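The residues making up each chain are set out below.
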Amino acid sequence: MSKVLVSDSIDQAGIDILSQVATVDVKLGLKPAELIAIIGEYDALMIRSGTRVTQEIIDAGTQLKIIGRAGVGVDNVDVPAATRRGIVVVNSPEGNTIAAAEHALAMILALSRHIPDANASVKRGAWDRNSFVGAEVYKKTLGVVGLGKIGSHVAAVARTMGMKLLAYDPFISTERAEQIGCQLVELDLLFQQADYITLHIPKTPETTHLINATTLAKMKPTARIINCARGGIIDEVALAAALKAGKIGGAALDVFESEPLGESELRSLGKEVILTPHLGASTAEAQVNVAIDVAEQIRDVLLGLPARSAVNIPGLGPDVLEELKPYMQLAETLGNLVGQLAGGRVEVLNIRLQGELATNKSQPLIVAALKGLLYQALRERVNYVNANIEAKERGIRVIETRDASIRDYAGTLHLEATGTLGTHSVTGALLGEREIHLTDVDGFPINVPPSKYMLFTLHRDMPGIIGKLGSLLGSFNVNIASMQVGRKIVRGDAVMALSIDDPLPEGILDEIIKVPGIRDAYTVTL
Ligand SMILES: NC(=O)C1=CN([C@@H]2O[C@H](COP(=O)(O)OP(=O)(O)OC[C@H]3O[C@@H](n4cnc5c(N)ncnc54)[C@H](O)[C@@H]3O)[C@@H](O)[C@H]2O)C=CC1
Ligand SMILES: O=C(O)CCC(=O)C(=O)O
């Protein structure tokens, strides 16, 4: 019989499901070394946010087939390490949506009416009605940053309380925002106009310290900020300083840069600050939902069936998967690339399956391309199962065509996306069995393997331009690993594809497009 280790507190409903197919050991509060010492015995590990599943733990889990996260965020799991070891990582993308949204709404009201401090004062024996005069949310402006599952629910409820809604989400269409009753605006405008700012975004390199001294300075002195998403999106030192100086009105935080919260200025502040110990998902209902959702997936995988919310591998049958695997990777890479070239808010994605890919068997490649396209917005939360639904919810129209007559390689995939940076296209193929190559960018033929950091320019093919770009990158200490120019006619328009060793430093794109002959430049991280 398989063995499952449950190392965080999980609802009994989940344990009951696991017990149908496995011996279940519940061991809470294990130290990393203790977990490393025993994980080798187990086929599956089920966790919440308390256990950090590091590379060492994954390496020690020699029998592990699946890690189940009973919740949304998988940032406490080293997913790439699990993927490398062939371990499926599953989560519950929706089981605690309502709980987290209601916690954010509770924070908005509790902050407005000083409920935690008023309660504490009565319990201390006082009857002080003057210190706790609050503010109404009716007719106030709520700025929702991140209009995904939780943000949308917060917005929908806030609307019924008579709040005016602004939203910032570069990956959501205007139509989708309007359906929820939100006006999509740029972040600066949201910061300037909102009375309440609520964060519902993942923590990514782009969102880390999104709320910092500079952005806090743009807010109203009465603004209240709520973070029930992820610690680290707010610079806590800057927030405490802004609150102390009266530069903003209040803050309610459920998540922290480091959890459990250690020494912090925030603890010393008064009724304008509410702190909860990562309780967003802590409702009886959500805990049953996530426990059942994740336990069922662990059970299925242990029985050799696919998982419905795998964050790192497709929920497809093993035969199809084996055959299509290299092309799935190609489709994902091209989706990610064209999404970044087209900018946010992609409205239309054209996918052409060419050559031997022009058959119905290749259908999963469409999902893989969408997964790649949505990666910048959703990170690990987009998977092969939900990519279609997520794209639909974002108002992305997918047009698929097949052309078996195009046979320059065995099979090629052509993707064209229209977003905030206009329409861009990429084509790719496999060289040999599985080496991905870009064969065309924006209609210009090239032949380069994609790399983690890339720079593309659209320029005029003329003497000296490569040298000038090389020197400019050199002056910013950017090392070029490879470079190729694609052109249709000599001295006409051309595309340059550069692989670089590190991400481009800020501001350099503006300098690049000043180089005479260069019309546009795009940087991507794959
Ligand atoms: N406090 C708690 O206990 C809980 C916290 N969470 C956290 O709440 C957050 C939101 O979760 P969901 O709504 O389920 O996720 P979701 O994936 O449905 O929505 C996230 C939204 O953020 C948007 N986004 C991505 N990058 C952005 C950026 N740079 N600027 C603005 N928008 C951006 C995406 O387009 C997407 O619409 C996550 O960080 C999740 O881990 C989730 C459940 C419980
Ligand atoms: O397990 C928990 O309580 C944390 C929930 C959470 O943050 C998530 O699902 O992303």
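See the structure shown above.
The model shown is predicted, which means the values in this text are computed figures rather than measured ones.

Chemist: It is not clear to me how the nonpolar core should be interpreted in this structure. Could you clarify?
Modeler: What tends to happen in soluble globular proteins is that the nonpolar side chains get buried as a cluster. Within the largest apolar cluster, 48 residues are counted, with the highest numbers of intra-cluster contacts made by L349, L413, L415 and F456. By size, the runner-up hydrophobic cluster in this structure holds 33 residues, among which are L199, A240, F256 and L266.

Chemist: I keep staring at the sheet that holds strand β13 (residues 348-355) and nothing clicks. Help me out?
Modeler: Sheet strands pair by backbone hydrogen bonding; their relative direction is either parallel or antiparallel. The mixed open sheet is built from 6 strands, whose spatial order is β14-β13-β15-β16-β17-β18. Both outer strands of the open sheet, β14 (397-403) and β18 (444-448), are each paired with one neighbouring strand and no more. Neighbour-to-neighbour, the strand axes of the sheet open up by a mean angle of 20 degrees, direction not taken into account. Sheet topology places strand β17 (residues 435-441) next to β18; 3 bridges connect them, and they run antiparallel. Of the residues in β18, the one forming a bridge with V441 is F444. Contacts from helix α14 (residues 364-378) reach β13, β14 and β15 (411-419) within the one sheet, and its direction differs from that of β13 by about 140 degrees.

Chemist: Help me out: how do you make sense of the pairing of strand β19 (residues 453-460) in this one?
Modeler: Taken residue by residue, a regular strand's side chains alternate between the two faces of the sheet. Where burial is concerned, most of β19 is hidden: 7 out of the 8 residues are buried. Sheet topology note: the β19/strand β21 (residues 493-500) ladder contains 8 bridges and is antiparallel. The residue bridging H459 from the neighbouring strand is A494, located in β21. Relative to strand β22 (residues 518-525), β19 is paired through 7 bridges, and the arrangement is antiparallel. Of the residues in β22, the one forming a bridge with F456 is Y522.

Chemist: Help me understand the packing of aromatic side chains, please; the structure alone is not making it clear to me.
Modeler: In this description, an aromatic ring pair is defined by two values, namely the gap between the centres and the angle between the planes. Enumeration according to the criterion identifies 0 aromatic pairs in this entry. One residue, K3, lies across the ring of Y42, its end atom 4.9 Å from the ring centre. It is K488 that lies over the ring of F444; its NZ or CZ is 4.7 Å from the centre.

Chemist: Can you help me understand the site of ligand 1 in this one?
Modeler: Residues in contact with ligand 1 amount to 29 residues; listed here are only the nearest, K149, I150, D169, I201 and R394. K149 is positioned with one of its backbone polar atoms (N or O) 2.9 Å from an oxygen atom of ligand 1. The separation between an oxygen atom of ligand 1 and a polar main-chain atom of A281 is 3.2 Å. Isolated, ligand 1 exposes 870 Å² of accessible area, and the fraction of that covered by the protein chains is 96%. Where the shell around ligand 1 is concerned, the elements lending two or more residues are α7 (149-160) and α14. In the shell around ligand 1, the residues fall into 15 nonpolar, 8 polar and 6 charged.

Chemist: Can you walk me through the pattern of salt bridges in this structure?
Modeler: Note that side chains of opposite charge can pair when their charged atoms are close. The final tally for this structure, using the stated rule, is 18 salt bridges. A salt bridge links K218 to D188; its shortest N-O distance comes to 3.0 Å. Residue K218 is found in the loop between α10 (213-217) and β10 (224-227), and its partner D188 is found in helix α9 (residues 187-193); the two are separated by 30 residues along the sequence. Taking the relative accessible area as the measure of exposure, K218 reaches 30% and is therefore partly exposed. Note on D188: relative accessible area 36%, which makes it partly exposed. A salt bridge links D293 to R308; the nearest nitrogen and oxygen atoms lie 3.0 Å apart. With D293 in helix α12 (residues 284-302) and R308 in the loop between α12 and α13 (318-342), this pair connects stretches of sequence that are 15 residues apart. Judged by relative accessible area, which is 36%, R308 ranks as partly exposed. Where salt bridges share partners, they join K149, E390 and R394 into one cluster.

Rules and cut-offs
- Residues numbered from 1 in each chain as written.
- Chains lettered and ligands numbered in written order.
- Predicted model: local features only at pLDDT ≥ 70, side-chain atom pairs only at ≥ 80, totals over all residues.
- Heavy atoms only, no water.
- Core = buried A, V, L, I, M, F, W, Y, C linked by side-chain atoms within 4.5 Å.
- Buried < 20%, exposed > 50% of the residue type's maximum accessible area, 1.4 Å probe, protein only.
- Pairing = 2+ DSSP bridges.
- Helix = DSSP H or I, 4+ residues; strand = E, 2+ residues; numbered from the N terminus.
- Axes fitted to C-alpha atoms, helices over the stretch in contact; angles between N-to-C directions.
- Contact = heavy atoms within 4.5 Å.
- Phe/Tyr/Trp six-rings, centres within 6.5 Å; stacked < 30°, edge-to-face > 60°.
- Lys NZ or Arg CZ within 6 Å of the ring centre and 35° of its normal.
- Near = heavy atom within 4 Å.
- Polar contact = N/O pair within 3.5 Å; in protein donor to acceptor, adjacent residues only side chain to side chain.
- Areas by Shrake-Rupley, 256 points an atom, 1.4 Å probe, with all protein chains shown as cover.
- Nonpolar A, V, L, I, M, F, W, Y, C, P; charged D, E, K, R; others polar.
- Salt bridge = Lys/Arg side-chain N within 4 Å of Asp/Glu carboxyl O.

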